[in-house]
Amino acid sequence: MRQCARRALGTLGVEPAPLLPGRRGAPQWPAGIVGSMTHCAGYRAAAVARRGDVLGVGIDAEPNEELKDGLLEAVALPEEQELVRARMRGTSGVCWDRLLFSAKESVFKVWYPLTGRELDFDEARIDVDPEDGTFTAGILVDAPTIDGTSLARMQGRWLCRSGLLVTAVSLTAGAGGRAGNGE
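Predicted model, so just to flag it, every value in this text is computed and none were measured.

Visitor: Honestly, unusual backbone geometry in this entry has me stumped. Any pointers?
Guide: If a residue is not glycine, its phi is most likely negative; likewise, a peptide bond is most likely trans. In this model, Asp147 sits at a positive phi of 50°, which is unusual for a non-glycine residue. Phi angles above zero are rare outside glycine, and Ser162 is one such case at about 55°. Its place among the elements puts Ser162 in the loop between strand 8 (153-161) and strand 9 (164-172).

Visitor: What should I look at first to understand the sheet that holds strand 8 in this one?
Guide: Two modes of strand pairing occur in sheets, parallel and antiparallel, and in both the strands are linked by backbone hydrogen bonds. If you trace the five strands from one edge of the open sheet to the other, you get 3-9-8-5-4, paired in antiparallel fashion. Pairing within the sheet leaves two strands with one partner each, and these edge strands are strand 3 (54-63) and strand 4 (124-129). Strand after strand, the sheet turns through a mean of 20° between neighbouring axes, direction not considered. In this fold helix 4 (residues 96-115) packs onto strand 3, strand 4, strand 5 (134-139), strand 8 and strand 9, with an angle of close to 150° to the strand it touches most, strand 3.

Visitor: Sorry, what's going on with helix 1 (residues 2-11) here?
Guide: Turn by turn, an α-helix covers 3.6 residues, leaving residues three or four places apart pointing in a common direction. When we look at burial in helix 1, the residues that qualify are Cys4, Ala5, Ala8 and Leu9. Down the axis of helix 1, the smallest arc covering the buried residues is 135°, so these residues share one side. Facing away from the buried surface of helix 1 by more than 90 degrees, the exposed residues are Gln3 and Arg7. Gly13 sits one or two positions beyond helix 1 and adopts a positive phi of about 80°.

Visitor: Just checking my understanding: could you explain the packing of aromatic side chains for this structure?
Guide: Aromatic rings in a pair are described by how distant their centres are and how their planes are angled relative to each other. Applying the stated rule across the entire model yields three aromatic pairs. Taking 5.5 Å as the distance between ring centres and 75° as the angle between the ring planes, the aromatic pair formed by Trp96 and Trp158 counts as edge-to-face. Of the two residues, Trp96 is situated in helix 4 and Trp158 in strand 8; the sequence distance between them amounts to 62 residues. For the pair Trp96 and Trp158, a shared accessibility class is recorded, and that class is buried. Seen from their ring centres, Phe108 and Tyr112 are 5.5 Å apart, and the 15° between their planes marks the pair as stacked. Within this pair, Phe108 and its partner Tyr112 are both found in helix 4, separated by four residues, close to a single helical turn. Taken as a pair, Phe108 and Tyr112 share a single burial class, namely buried. A cation sits over an aromatic face here: Arg87 above Trp96, 5.3 Å from the ring centre.

Visitor: Whenever I open this one, the nonpolar core confuses me. Can you help?
Guide: Side chains that are nonpolar tend, in soluble globular proteins, to be buried together. Core analysis: the largest hydrophobic core is formed by 29 residues, its most contacted members being Val107, Ile126, Phe135 and Met154. Looking at this core, the elements that each hand over two or more residues are helix 4, strand 4, strand 5, strand 8 and strand 9. Broken down by element, this core gets its largest block of residues, ten residues, from helix 4. Counting residues in each nonpolar core, the second largest holds nine residues, with Ala5, Ala8, Leu9 and Trp29 among its members.

Visitor: Would you mind showing me how to read the pattern of salt bridges here?
Guide: When the charged atoms of two side chains with opposite charge come close together, those side chains can pair. Counting across every chain of the model gives eight salt bridges. Across the salt bridge formed by Asp60 and Lys109, the nearest N and O atoms sit 3.7 Å from each other. Here Asp60, found in strand 3, pairs with Lys109, found in helix 4; they are 49 residues apart in sequence, far enough to count as distant. The exposure class assigned to Asp60 is buried, which follows from its relative accessible area of 5%. Exposure remark for Lys109: the relative accessible area of 21% places this residue in the partly exposed category. Connected through shared salt-bridge partners, Glu79, Arg125 and Asp127 make up one network.

Visitor: How do you make sense of the side chain of Asp60 when you look at a structure like this?
Guide: Of the polar contacts made by the side chain of Asp60, one reaches the side chain of Ser102; its length is 2.9 Å. Setting aside chain neighbours within four positions, we find Asp60 in contact with Thr38, Ser102, Glu105, Ser106, Lys109, Leu165, Val166 and Thr167.

Conventions adopted
Residues numbered from 1 in each chain as written. Predicted model: local features only at pLDDT ≥ 70, side-chain atom pairs only at ≥ 80, totals over all residues. Heavy atoms only, no water. Helix = DSSP H or I, 4+ residues; strand = E, 2+ residues; numbered from the N terminus. Pairing = 2+ DSSP bridges. Axes fitted to C-alpha atoms, helices over the stretch in contact; angles between N-to-C directions. Contact = heavy atoms within 4.5 Å. Buried < 20%, exposed > 50% of the residue type's maximum accessible area, 1.4 Å probe, protein only. Arc of directions from axis to C-beta. Phe/Tyr/Trp six-rings, centres within 6.5 Å; stacked < 30°, edge-to-face > 60°. Lys NZ or Arg CZ within 6 Å of the ring centre and 35° of its normal. Core = buried A, V, L, I, M, F, W, Y, C linked by side-chain atoms within 4.5 Å. Salt bridge = Lys/Arg side-chain N within 4 Å of Asp/Glu carboxyl O. Polar contact = N/O pair within 3.5 Å; in protein donor to acceptor, adjacent residues only side chain to side chain.

This is the structure:
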């Protein structure tokens, strides 16, 4: 995973340096850099950007497999659980419960470095658009505005392919009150 991060940093012209874990194990990126890392069986990735271009980025990858029993109730709001269960009865091939979990992980990976505050699973409501591969996160606690960008709402993208679910959120710098374009 850290090798992916070093390669990604190299594309920005950043000299190789140790990426030490900070609080909660999140990497301490070099000055002026934001980034995120993820891994699961058979997959590793890192995404980085210059802080002047992007306020924050969060990525997550998960196997396209149903969550273990009881985990959906731990990570999803009641209305999210209802929607996930309805979608799971369909034939899309997407494990919607795991996708919800992954989206919340990506949102957390943007939120935490910017706020220094934990974001619990019940503090963000995820609305997934099953047709266009996007999702919206509404933050249910007081969300700050950083460099003109409110963290109260974030846009993300998702993909299901080759047995993996991948989610990503990016917050564009200077978005003037809207968070991220998800690209």
